[in-house]
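So you can see what is in the structure, the chains are spelled out below.
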Amino acid sequence: MLRTRTTLRTRTPDLKTSRRLRTAFLASAASVCLIAASAPTPAPLGIGDRLFPHLGNPGYDVTAYDLAFTYPGSNSKPLPAVTTIDARTTAGWLEQFNLDYSHGTVRSVEVDGVPAEFRSAAEDLVVTPAKPLRFGDRMRITVRHDSNPVSTKDQQSGWVRTEDGLAMANQADAGHRVFPSNDHPSDKAMFTVRVTAPDGYTAVANGLPVAKTRRAAGTTWTYRTEHPMATELAQVSIGRSSVLHRSGPGGLPVRDVVPTKDRERLEPWLKKTPDQIAWMQKHVGDYPFETYGLLIAEARTGFELETQTLSLFEKDLFTRPEYPKWYVESIMVHELAHQWFGDSVSPRTWSDLWLSEGHATWYEALYAEEKAGRPMEARMKAAYRASDTWRGAGGPPAAPKEAEPGEKLSIFRPTVYDGSALVLYALREEIGRSAFERLQRAWVSAHHDGVADTADFVRLASGIAGRDLSGFFKAWLYGEKTPPMPGHADWRSAQPTGKSAKRAR
């Protein structure tokens, strides 16, 4: 989902399975807590994701988040915040439950308006309600806390500090360092976001605006999504910004958020978005959300990010002369394509990341082919040559290696970008262009607003092709070596070199 800019130089058992929690009473390490002396040693939980085993939590399903932040006028100070979570229990007798949360002070926790005990364990906040919850109960969790925008050596905040404020980049595992949550893409929910900021600042978030209230302390902006969203796709922009409006296909509201001083300079790029949306719709069907736009931040991140309905871009992408026009436009389409592949259809596990990044890279390359004469076949042949090296360094596309110690973003290796687009190219060669294009449309339609995994894709592809493709996908998605390319018997993969096989760069 996250797209690094390296091209120019060269998101099983049901993850929501109900089970009774086994942990002890937990409370915030940063607060005076209400802990029984007999409480056992707390421990973090998780839903067993292979790449991020402590992300997500069993025992409940979140239906909605309400996030309220107060910006103090400085992006180096914590933001006072209130996070309200509506959830439904999926465990038979829930005596306590975990939330993913760290990197901020917790002041109080309530469950259904009643104070609850809490303690911290690693990057979890474990809550003990006043009375146990039964299967199917609805609960409202209210956490009053601070949200710290300053990263440390040990923890990367989900906030990005810009020249004039803040933006969010929560992928892959930093959402819970901004607000308490069930921080895993398999548990999508509706979002309401309220941001209060001093005069002179503008706040924008995912979805559409529903209220704007002026007070002596500043202005409060409220935004709400019309479709469920994963925590890693949440976006809040606070800055001295302008919000530019235009119409997309069928009257779709398109709004861009840019530094006010750069609005004229960036306009030639921004006005391309409606035609890019129309191009994507021609290939995969209707745009899946209520709005779209670009958030252009004056910050150094080294990546772009498909936050839902408002993709995050570095300003440098549009202003540095070494980036050709075709390249910039193809990266814009990469993040746009994610609105279908990764945002509307989210990965059930992080090992299913190839379904998001592979498809976004596919449409990035297809756009460059159709609009700039950059042949897809040439790019895929180059990817084939490098594929064994990528697999050696990062694992095969659907079984990527774990992140390097202290480098969570290192799961975003070439094997999940061009290496996964290569799988899609092989699939198109195997089943034919017509069946492949039907599959793409069917995938985003069948799993709209949902989560899906690799097994779902294999079943759908086999159904559309009219034959069992499990053997094909096993070789291409899980093999240590790249299989022969259908229709291109002359293609060869280069022998992995020692240095590059050890670690992707």
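Note that the coordinates shown come from a computational prediction; the quantities given were computed from them, not determined experimentally.

Caption draft 1: How the structure looks around the overall build of the chain. Looking only at helices and strands, the chain has 11 helices and 25 strands in total. Burial statistics for the chain: of 505 residues in total, 60% are counted as buried. Accessible surface, the chain as shown: approximately 19600 Å² in total, 51% of it carbon and sulfur.

Caption draft 2: View of the pattern of salt bridges. Under the criterion given, the structure shown has 24 salt bridges. Here Arg-246 makes a salt bridge to Asp-256, at a shortest N to O gap of 3.4 Å. Taken together, the positions of Arg-246 in strand S19 (residues 241-247) and Asp-256 in strand S20 (residues 253-259) put the pair 10 residues apart, joining distant regions of the chain. There is no split in this pair, since Arg-246 and Asp-256 are both buried. In this structure, the salt-bridge partner of Arg-300 is Asp-316, at a minimum N-O distance of 3.1 Å. Here Arg-300 is found in the loop between strand S21 (294-297) and strand S22 (303-304), whereas its partner Asp-316 is found in helix H3 (residues 316-319), with 16 residues between them in sequence. The exposure class assigned to Arg-300 is exposed, which follows from its relative accessible area of 74%. Note on Asp-316: relative accessible area 17%, which makes it buried. Look at the salt bridges and you will find they share partners, linking Lys-261, Asp-262, Glu-298 and Lys-315 into a network.

Caption draft 3: Region of the structure containing the nonpolar core. Among the nonpolar cores identified, the biggest contains 67 residues, and Met-280, Phe-318, Tyr-363, Leu-427, Phe-457 and Phe-473 are the most heavily contacted of them. Excluding anything up to four places from it in sequence, Phe-457 contacts Trp-354, Leu-355, His-359, Leu-424, Leu-427, Leu-439, Gln-440, Trp-443 and Phe-473. Counting 59 residues, the second-largest nonpolar core is a separate cluster that includes Ala-91, Ala-189, Ala-297 and Ala-299.

Caption draft 4: The arrangement of the confidence of the model for the chain in detail. Across the chain, the average pLDDT comes to 90, with 90% of residues at 70 or higher. Confidence drops under a pLDDT of 50 for residues 6-40, and excluding neighbours within four residues, the segment shows 105 contacts in the predicted structure. Within the model, pLDDT remains below 50 along residues 499-505, and this stretch shows 13 contacts once partners closer than five positions in the same chain are excluded.

Caption draft 5: View of the pairing of strand S23 (residues 311-314). Residues of S23 alternate between two faces, with Ser-311 and Phe-313 on one and Leu-312 and Glu-314 on the opposite face, all of them buried. Inspection of the sheet shows S21 paired to S23 by four bridges, in the parallel sense. Looking at S23, one finds that Leu-294 is bridged to Ser-311.

Caption draft 6: Region of the structure containing the sheet that holds strand S9 (residues 124-128). Overall, antiparallel pairing links the three strands, which are arranged S5-S9-S8 in an open sheet. Edge positions in the sheet fall to strand S5 (97-100) and strand S8 (117-121), since each has one partner strand and no second. For this sheet, the mean angle separating the axes of adjacent strands, direction not counted, is 30 degrees. Pairing of S5 with S9, which is carried by four bridges, proceeds in the antiparallel orientation. In the sheet register, Asp-100 faces S9, and the bridge partner there is Asp-124.

Rules used in this analysis
Residues numbered from 1 in each chain as written. Predicted model: local features only at pLDDT ≥ 70, side-chain atom pairs only at ≥ 80, totals over all residues. Heavy atoms only, no water. Helix = DSSP H or I, 4+ residues; strand = E, 2+ residues; numbered from the N terminus. Buried < 20%, exposed > 50% of the residue type's maximum accessible area, 1.4 Å probe, protein only. Areas by Shrake-Rupley, 256 points an atom, 1.4 Å probe, with all protein chains shown as cover. Salt bridge = Lys/Arg side-chain N within 4 Å of Asp/Glu carboxyl O. Core = buried A, V, L, I, M, F, W, Y, C linked by side-chain atoms within 4.5 Å. Contact = heavy atoms within 4.5 Å. pLDDT = per-residue confidence, 0-100. Pairing = 2+ DSSP bridges. Axes fitted to C-alpha atoms, helices over the stretch in contact; angles between N-to-C directions.

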